[in-house]
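Results of the structural survey
Below are the chains, spelled out letter by letter.
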Number of protein chains: 2
Amino acid sequence: MGRPKGNHEDRRGDVAEAVWLVLATDGFNGLTIRAIARQLQATTGVVTHYFGSKREIIGYALELLEKRSAGRPRRAAADGLAALRAAIMDMLPLDGKSTTANRVWVSSWDHAIADPQFRREHARRYAAGVERLTGLVEMAQELGELAAGDARSMATQLQSFALGVIVQAVLDPAQYSATCQIALLDDHLARLARTPEIC
Amino acid sequence: MGRPKGNHEDRRGDVAEAVWLVLATDGFNGLTIRAIARQLQATTGVVTHYFGSKREIIGYALELLEKRSAGRPRRAAADGLAALRAAIMDMLPLDGKSTTANRVWVSSWDHAIADPQFRREHARRYAAGVERLTGLVEMAQELGELAAGDARSMATQLQSFALGVIVQAVLDPAQYSATCQIALLDDHLARLARTPEIC
């Protein structure tokens, strides 16, 4: 007789939690069957019951990361430039939880680069991010809060800025405090907000 | 009788080349003793003769990456904004060789995050990059080619922009052609060059 469904579902939750805790501590590089089993206080056999291969574990971890990121709380967003600022702040590692998530995102790129399918999925994720920011840039331009110009290019520049700050903050948290990251963002947005000189 | 020094030195060069080829193909995640041995067409025993542990291999690979990056050819740099533009172009994955190097850099962050010493070394590298760009921003400001303001903040924003473009270009090379990356950089520099509105 198989396990009752309730328990099986609970166990799936435990596995997700264990995978997340390994990722948070050691990144994708540390995500081994043995490490997940240790976190679960179970045998490696329990883990291989859920995952057929290392690649399946990576795929599962990437989905888990996306699901957790999509489900995170967002800052209340006003219109225009304020909404754009809030959207970028939601990306940055400004507190413990977002720092952990960003460390995991940065660590995921190593596996993503080496695997065509994972790389395509990541490319799709970042392209969707640019699309979302483009809408916010357009709104801020319509309100006259952001200089005119190609909204998509500006959105790509802003997402690039955010990703670069994330990388440096994750590698050098002492230098990149939340206050420092927000000051960088505000200086950046102030520069972008300037209208071109007419004469 | 030991091997003549000449041959030993040659072999070290072979090992460096093998490590680089594994990194270029599979990133840090694929950098195993077995993969290096396969690339060398040698036994794993030959590799463990050079490296005492997996961590030693990672440390060696990070040094190799830094040495290769430091030794790469740079664009001839004029003064001011042109020199700043050239310095950022030298960072971006605009051709095959720089794309490979950047893929390896991005893939190195996973290991660096999980290891305090490697993370400190990376933090030092990116801080040195900001210092270098700060000098170029100051020069461009003195020449009146770049808007006034905190040069260090602007340099950090520019390095962030470059790192973010690198991440997206490495994950989505079809979208981020060399032409596209240069257009983004030029749009970005044009925005930063604008002087604040006086009235």
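Residues numbered from 1 in each chain as written. Chains lettered and ligands numbered in written order. Predicted model: local features only at pLDDT ≥ 70, side-chain atom pairs only at ≥ 80, totals over all residues. Heavy atoms only, no water.

1. What about helix H2 (residues 33-40) of chain A?
Every buried residue belonging to H2(A) is among Ala35(A), Ile36(A), Ala37(A) and Leu40(A), and all of these are buried. Just downstream of H2(A) lies Gln41(A), where phi reads positive at about 50°. (Buried < 20%, exposed > 50% of the residue type's maximum accessible area, 1.4 Å probe, protein only. Helix = DSSP H or I, 4+ residues; strand = E, 2+ residues; numbered from the N terminus.)

2. A look at the relation of the copies chain B and chain A
At an RMSD of 0.0 Å, chain B and chain A line up after a rotation of 180° and a shift of 0.0 Å along the axis. In short, the pair behaves as if placed about a two-fold rotation axis. A shared binding surface is used by both copies, with 100% of the interface residues of chain B retained as interface residues in chain A. (Least-squares fit on C-alpha atoms with pLDDT ≥ 70 in both. Contact = heavy atoms within 4.5 Å.)

3. Notes on the nonpolar core
Grouped together as the largest cluster of nonpolar side chains are 125 residues, with contacts concentrated most on Leu31(A), Trp109(A), Val19(B), Leu31(B) and Trp109(B). Beyond its immediate stretch of four places on either side in the chain, Trp109(A) contacts His122(A), Tyr126(A), Leu163(A), Val167(A), Val106(B), Trp109(B), Val167(B) and Leu171(B). (Core = buried A, V, L, I, M, F, W, Y, C linked by side-chain atoms within 4.5 Å.)

4. Some details on the packing of aromatic side chains
The way to describe two aromatic rings as a pair is by their centre distance and the angle between their planes. Under the definition given, this model contains seven aromatic pairs over all chains. Aromatic side chains Trp105(B) and Tyr126(B) sit 6.5 Å apart centroid to centroid with 70° between the ring planes, which places their arrangement in the edge-to-face category. One end of the pair, Trp105(B), is in helix H6 (residues 96-114); the other, Tyr126(B), is in helix H7 (residues 116-142), and 21 residues separate them in sequence. The pair Trp105(B) / Tyr126(B) is uniform in exposure class, with both members buried. Cation over ring: Arg55(A) sits above Phe118(A), and NZ or CZ is 4.6 Å from the ring centre. (Phe/Tyr/Trp six-rings, centres within 6.5 Å; stacked < 30°, edge-to-face > 60°. Lys NZ or Arg CZ within 6 Å of the ring centre and 35° of its normal.)

5. Some remarks on the interface of chain B and chain A
The partner chain A presents 49 residues to the 49 residues of chain B that form the contact. Where chain B abuts chain A, roughly 4200 Å² becomes buried across the two surfaces, and 57% of that area is made up of carbon and sulfur atoms. Put simply, chain B and chain A have zero salt bridges between them. Looking at the side of chain B that touches chain A, the elements that each hand over two or more residues are H6, H7, helix H8 (151-171) and helix H9 (178-193) of chain B. (Buried area = accessible area lost by both parts, 1.4 Å probe. Salt bridge = Lys/Arg side-chain N within 4 Å of Asp/Glu carboxyl O.)

6. Some words on the domain arrangement of chain A
Residues and elements named next belong to chain A. Looking at the assigned domains, one finds that chain A contains domain 1 (5-69) and domain 2 (73-193). For domain 1 and domain 2, the distance between their C-alpha centres works out to 28 Å. Taken together, the 14 residues of domain 1 in the interface contact 15 residues of domain 2. Between domain 1 and domain 2, the buried area comes to about 1300 Å², and carbon and sulfur atoms account for 63% of it. The tally of links from domain 1 across to domain 2 stands at two salt bridges. (Domains from an automatic or database assignment.)

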